[in-house]
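The residues making up each chain are set out below.
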Amino acid sequence: MSHTKTKIRAEAGELIVGDCVQEMARLQADSVDLVFADPPYNLQLGGELLRPNNQSRVDGVADDWDKFEDFAAYDAFTRAWLAEARRVLKETGSLWVIGTYHNIHRIGTALQDLGFWLLNDVVWRKSNPMPNFRGRRFTNAQETLIWCAKGEAHKGYTFNYEAMKSLNEDIQMRSDWLLPICTGAERVKKNGRKAHPTQKPEALLQRVILAASKPGDVVLDPFLGSGTTVVAAKRLGRRWIGIEQSADYAEVAATRLAEVTPLDGVDLETMKPKRAEPRVPFGNLLERGLIAPGETLYDRMKKVKARVRADGSLAHGPLTGSIHRIGALAQGAQACNGWTYWYVADEKGDLTSIDSLRDLVRKELD
């Protein structure tokens with residue numbers, strides 16, 4: 001296959017038409033932060049699938065790129081592209097691969113054999129799956145994503161836990177994601193038909209990229225298809241590399257990319273974990289005059305109170321200790337986050353969390 005490159009935007013990304021294994025071999029080792037791969041399913045379909053109500057043809061996957069001679073050929077192909085993906089992945093990078101029951105288990109075996117370290121399997125539950133027209137099986141309403149680090153010893157991969165929690169209304173993000181398949185205006189069409197049979201929803205790729213990369217990181221998709229990965233990457237301020245063997249599909253991706261405006265830097269900022277912020281001891285609040293020795297701290301309902309001592313410890317009746325220890329003892333609990341438990345009252349009696357006072361100190365340290 002000819003080696004044709006089209007640079008969409010030099011500082012942002014590159015769209016390459018060619019064989020994924022050959023083109024990844026041309027990339028520099030340890031140069032990619034995140035790989036997202038949607039490889040051929042190897043569906044091994046036999047004959048056309050018709051809707052029972054009107055005998056119209058179901059527009060599924062019947063392209064040559066999804067056809068392999070046998071499982072051995074598919075496994076060899078899988079190991080070849082995964083080996084190259086692992087080579088170009090940074091020590092701190094991670095890889096996501098999506099598939100169906102037709103191929104994901106074979107891919108999982110190859111991942112482990114090649115040294116990848118599995119972090120999660122995520123189930124994409126489709127809120128509007130395609131029906132099972134023949135009525136011989138359950139409706140296939142899911143695809144599986146495997147997320148893995150480069151190896152067991154590679155602990156520095158990116159996971160934006162707080163961003164995922166924020167996206168999920170301040171609740172831990174679970175590994176089952178309920179998202180719709182592409183329909184309506186999101187489904188890209190060419191000459192009135194689907195431009196690509198397996199176009200993924202942008203919401204899915206945005207979640208993956210937000211979870212496992214930072215602005216400015218390099219995102220690689222070796223099976224670009226209609227371009228959803230690079231569209232989401234560009235919108236989210238990531239650099240990107242898309243490889244697609246079909247010039248027709250690459251053209252669709254290029255058209256979509258041209259219509260994307262990256263978000264402003266301020267809009268790309270995500271919630272950061274508390275452990276990533278500067279450590280501020282409670283005593284610093286006293287030293288900066290935000291809380292005075294002898295002042296009283298209260299719980300949110302003003303049912304519990306403790307007196308602040310000069311060394312930053314608290315006194316609650318005969319009990320003394322840190323804001324965390326006294327908060328736990330006051331509740332009869334094993335542990336307590338004193339920063340979120342204790343409040344200080346102003347002259348009107350209105351309460352202010354001591355955690356918000358800590359944030360003021362942190363801003364001075366930035």
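For clarity, every value in this text was computed on a predicted model and none was experimentally measured. Note that residues are indexed from 1 along each chain, following the sequence as it is written. Predicted model: local features are reported for residues with pLDDT of at least 70 only, side-chain atom pairs are reported and counted for 80 or more only, and whole-chain, interface and lining totals are derived from all residues. By convention in this description, side-chain values take in all heavy atoms of the structure and omit both hydrogens and water.

Structural notes on the overall build of the chain
Okay, step 1: Check the secondary structure of the chain and you find 11 helices and 17 strands.
Okay, step 2: Looking at the chain as a whole, 43% of its 366 residues qualify as buried.
Okay, step 3: Across the chain, contacts joining residues at least 24 apart in sequence account for 67% of those joining residues at least 6 apart.
Okay, step 4: Note that accessible areas follow from Shrake-Rupley with a 1.4 Å probe, and for residues the cover is restricted to the protein chains shown. Counting only carbon and sulfur atoms, one obtains 48% of the accessible surface of the chain, whose full area is about 19500 Å². A run of H or I in DSSP becomes a helix once it reaches four residues, and a run of E becomes a strand once it reaches two; helices and strands are each numbered from the N terminus. Buried, partly exposed and exposed residues are distinguished by accessible area as a fraction of the type maximum, computed with a 1.4 Å probe on protein chains only: under 20%, between the cut-offs, and over 50%, respectively. Here, residues are in contact when the closest pair of their heavy atoms is within 4.5 Å.

Some details on the packing of helix α5 (residues 202-212) against helix α6 (residues 228-235)
Okay, step 1: As a packed pair, α5 and α6 sit with axes 9 Å apart at the nearest point and diverge in direction by 55 degrees. Considering the angle they form, α5 stands oblique to α6. Crossing handedness for the pair α5 and α6: right-handed. Contacts from Glu202, Leu205, Gln206 and Ile209 of α5 reach α6 at Thr228, Thr229, Val231, Ala232, Ala233 and Arg235. Here an angle of 0 to 180 degrees is reported between the N-to-C directions of two axes, which are lines fitted to C-alpha atoms, with helices fitted over the stretch in contact. Reported orientations rely on four angle classes, namely roughly parallel under 35 degrees, roughly antiparallel over 145, roughly perpendicular from 65 to 115, and oblique for the rest. Take the far helix as the reference: if the near one is turned anticlockwise from it by less than a right angle, the crossing is left-handed, and if turned clockwise, right-handed.

As for the side chain of aspartate 221
Okay, step 1: By the secondary structure assignment, aspartate 221 is in strand β10 (residues 218-221).
Okay, step 2: Positive charge is attributed to Lys and Arg, negative charge to Asp and Glu, and no charge count is given to His or to the chain ends. Salt bridges are defined by distance alone: a side-chain nitrogen of Lys or Arg within 4 Å of a carboxyl oxygen of Asp or Glu. For aspartate 221, which is buried and forms no salt bridge, the nearest opposite charge comes from lysine 200, at a distance of 9.2 Å.
Okay, step 3: Whenever two N or O atoms come within 3.5 Å, that pair is a polar contact, provided that in protein one can donate a hydrogen and the other can accept it, and provided that, for residues adjacent in sequence, both atoms are side-chain atoms. Within the structure, aspartate 221 has its side chain in polar contact with the side chain of threonine 229 (distance 2.6 Å).
Okay, step 4: With residues up to four places along the chain from it excluded, the contact list for aspartate 221 reads Phe36, Ala37, Thr229, Ile241, Gly242 and Ile243.

Some thoughts on the side chain of lysine 200
Okay, step 1: Take lysine 200: it is sitting in the loop between β9 (193-194) and α5.
Okay, step 2: Within the structure, the side chain of lysine 200 is placed 3.0 Å from the backbone oxygen of threonine 198, a separation counted as a polar contact.
Okay, step 3: Ignoring any residue separated from it by four or fewer positions in sequence, one finds lysine 200 in contact with Asp38, Tyr41, Ile98, Trp124, Glu143, Cys182, Glu186, Leu205 and Thr228.

A word on unusual backbone geometry
Okay, step 1: In this model, aspartate 170 sits at a positive phi of 65 degrees, which is unusual for a non-glycine residue.
Okay, step 2: The topology assignment puts aspartate 170 in the loop between α4 (161-167) and β7 (176-179).
Okay, step 3: The residue lysine 302 is not glycine, and still its phi comes out positive at about 60 degrees.
Okay, step 4: On the secondary structure map, lysine 302 appears in the loop between β12 (296-298) and β13 (305-308).

Here we look at the packing of aromatic side chains
Okay, step 1: In this analysis, rings of Phe, Tyr and Trp, with Trp reduced to its six-membered ring, are considered paired at centre separations within 6.5 Å, and the interplanar angle assigns stacked below 30 degrees, edge-to-face beyond 60, and tilted for intermediate values. A complete count under the given rule lists nine aromatic pairs for this structure.
Okay, step 2: Plain terms: the ring middles of tryptophan 96 and tryptophan 177 are 6.0 Å apart, the flat faces sit at 35 degrees to each other, and that makes the pair tilted. Here the residue tryptophan 96 occupies a position in strand β4 (residues 89-99), and tryptophan 177 occupies one in strand β7, the gap between them amounting to 81 residues.
Okay, step 3: Considering the side-chain rings of tryptophan 147 and phenylalanine 159, the 5.4 Å spacing of their centres and the 50 degrees angle between planes classify their relative orientation as tilted. A residue pair is termed long-range when its members are at least 10 positions apart, and tryptophan 147 in strand β6 (residues 142-149) and phenylalanine 159 in the loop between β6 and α4 qualify at 12 residues.
Okay, step 4: Residue classification places tryptophan 147 among the buried residues on the basis of a relative accessible area of 4%.
Okay, step 5: An aromatic cluster is defined as three or more aromatic residues linked by ring pairs; in this entry it consists of Trp96, Trp147, Tyr157, Phe159, Tyr161 and Trp177.

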